[in-house]
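# Per-entry structural report
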Amino acid sequence: MIKANEFLATIFAELEDGENILVCRQIMKEGGNGSFFSNHLTADRAWRKWDSNKQDHAWYFCVSTVDGEMNAKGSMVGRGRANLVRQHCFVLDDIGTKIPLDSIPEGLIPNYIIESSKGNFQYGFILREPLRDVALADALVHLVYTSGFGDEGGKIVTKAVRLPAGVNGKIKTDKYLDPVKLISCNEDYWEPDDLLFHLNVSLSWADVVADPSK
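In what follows, the accompanying structure is described. (Residues numbered from 1 in each chain as written. Predicted model: local features only at pLDDT ≥ 70, side-chain atom pairs only at ≥ 80, totals over all residues. Heavy atoms only, no water.)

### Remarks on the overall build of the chain
Summing up its helical and strand segments, the chain has 5 helices and 9 strands in all. Helices and strands appear in the chain in the N-to-C order α-β-β-α-β-β-β-β-β-α-β-β-α-α. Sequence-distant contacts, at least 24 apart, represent 67% of the contacts inside the chain between residues at least 6 apart. (Helix = DSSP H or I, 4+ residues; strand = E, 2+ residues; numbered from the N terminus. Contact = heavy atoms within 4.5 Å.)

Encoded structure:
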């Protein structure tokens, strides 16, 4: 099975200077009474904590690379719009539960499928050329997540999505501690125009580039 660091290398194939992968670790509080998130750059010492693949934690990564600046407290890596360097992928959530599997268009083949809990999947689509322009990233995110094939709650360019490691961290649900598994992975990366076409979006990528506010 592919290791999680190899999985990340598939998505973030070539990083530029100042471009960092952000990993989020969801840590359960004692007694199962909630959780908190800890954000880390992969270059940070905390990355080794993730690399040990602790099975009682839920692991996420940001779909966009960040500039590595700390927040005002100086303890957490920022994951806001201002931190975005390039957006590398999109993820459709709740496939198989909220979104029936048979409703997914035949040609919409994801680069990876992760089972985040029993029968519930995330479909990831990796861009051949990551988006540097925030306005274009915003526009494509909006079109992807309003296409009807995923949870509209994901309409942010710095969305945190599941890594194929650890467990589901949704406390007080029947998903809690379900293993998070990588089902498939390929490197047939996507062009925005092809993604919009297979999502049945009426606009072309040329339309979006000409006017991202559409």
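### Things to note about the nonpolar core
Grouped together as the largest cluster of nonpolar side chains are 51 residues, with contacts concentrated most on Phe61, Leu92 and Tyr112. Per-element tally for this core: the top contributor is helix H3 (residues 134–145), with 8 residues. Excluding residues that lie within four positions of it along the chain, Tyr112 makes contacts with Phe7, Ile11, Phe61, Val91, Gln122, Tyr123, Gly124, Val161, Leu182, Ser184 and Cys185. (Core = buried A, V, L, I, M, F, W, Y, C linked by side-chain atoms within 4.5 Å. Buried < 20%, exposed > 50% of the residue type's maximum accessible area, 1.4 Å probe, protein only.)

### Observations regarding the packing of aromatic side chains
The full count for this structure, using the stated rule, is 4 aromatic pairs. On the basis of an interplanar angle of 75 degrees and a centroid distance of 5.9 Å, the ring pair of Phe7 and Phe61 is categorised as edge-to-face. One end of the pair, Phe7, is in helix H1 (residues 4–11); the other, Phe61, is in strand S3 (residues 58–62), with 54 residues separating them in the sequence. You can call Phe61 buried: its relative accessible area is 0%. Through a chain of ring-to-ring contacts, three or more aromatic side chains come together here, namely Phe7, Phe12, Phe61 and Tyr112. (Phe/Tyr/Trp six-rings, centres within 6.5 Å; stacked < 30°, edge-to-face > 60°.)

### Considering H1
All of the buried residues in H1 are Ala4, Phe7, Leu8, Thr10 and Ile11. Take H1 and look down its axis: the buried residues cluster within an arc of 150 degrees, on one side only. (Arc of directions from axis to C-beta.)

### What about the pairing of S3?
For S3, the buried fraction is high: 5 of the 5 residues fall into the buried class. Alternating residues of S3 divide into Ala58, Tyr60 and Cys62 and Trp59 and Phe61, and every residue in both groups is buried. For S3 and strand S8 (residues 160–166), the ladder comprises 4 bridges, and the chain directions are antiparallel. What sits directly across from Tyr60, in S8, is Arg162. (Pairing = 2+ DSSP bridges.)

### Here's the deal with unusual backbone geometry
The phi angle at Asp94 is positive, at roughly 60 degrees, despite the residue not being glycine. Here Asp94 is to be found in strand S5 (residues 84–95). The phi dihedral of Asn200 falls on the positive side, at around 60 degrees, and the residue is not glycine. Mapped onto the fold, Asn200 is located in the loop between helix H4 (192–198) and helix H5 (205–210).

### Regarding the pattern of salt bridges
A complete count under the given rule lists 7 salt bridges for this structure. Ionic pairing is found between Glu16 and Arg86, a salt bridge with its closest N-O pair at 3.6 Å. Residue Glu16 is located in the loop between H1 and strand S1 (22–28), and its partner Arg86 is located in strand S5; the two are separated by 70 residues in the primary sequence. Overall, Glu16 belongs to the partly exposed group, its relative accessible area being 33%. Ionic pairing is found between Lys181 and Glu115, a salt bridge with its closest N-O pair at 3.4 Å. (Salt bridge = Lys/Arg side-chain N within 4 Å of Asp/Glu carboxyl O.)

### Things to note about the sheet that holds strand S9 (residues 181–185)
Pairing in this open sheet of 5 strands is antiparallel, and the strands run S4-S5-S7-S6-S9 from one edge to the other. The outermost strands of the open sheet, each flanked by one partner alone, are strand S4 (64–66) and S9. Neighbouring strand axes in the sheet, compared pairwise and without regard to direction, differ in orientation by 30 degrees on average. Bridge count for S5 against strand S7 (residues 120–131) is 6 bridges, and the pairing is antiparallel. In the strand pairing of S7, Val91 is matched with Gly124. Here H1 sits on the sheet in contact with S5, strand S6 (112–117), S7 and S9, set at roughly 135 degrees to S6. (Axes fitted to C-alpha atoms, helices over the stretch in contact; angles between N-to-C directions.)

### What to know about H3
A rise of 1.5 Å per residue sets the reference length of H3, with its 12 residues, at 16 Å; its end C-alpha atoms lie 16 Å apart and thus fit the reference within 8%. When H3 is considered as a whole, its buried residues turn out to be Leu136, Ala137, Ala139, Leu140, Val141, Leu143, Val144 and Tyr145. Where the residues of H3 are buried, they touch S5, S7, H4 and H5. A side-chain oxygen of the first residue of H3 lies 2.9 Å from the backbone nitrogen of Ala135; this N-cap is Asp133. (Expected span 1.5 Å × (residues − 1). Polar contact = N/O pair within 3.5 Å; in protein donor to acceptor, adjacent residues only side chain to side chain.)

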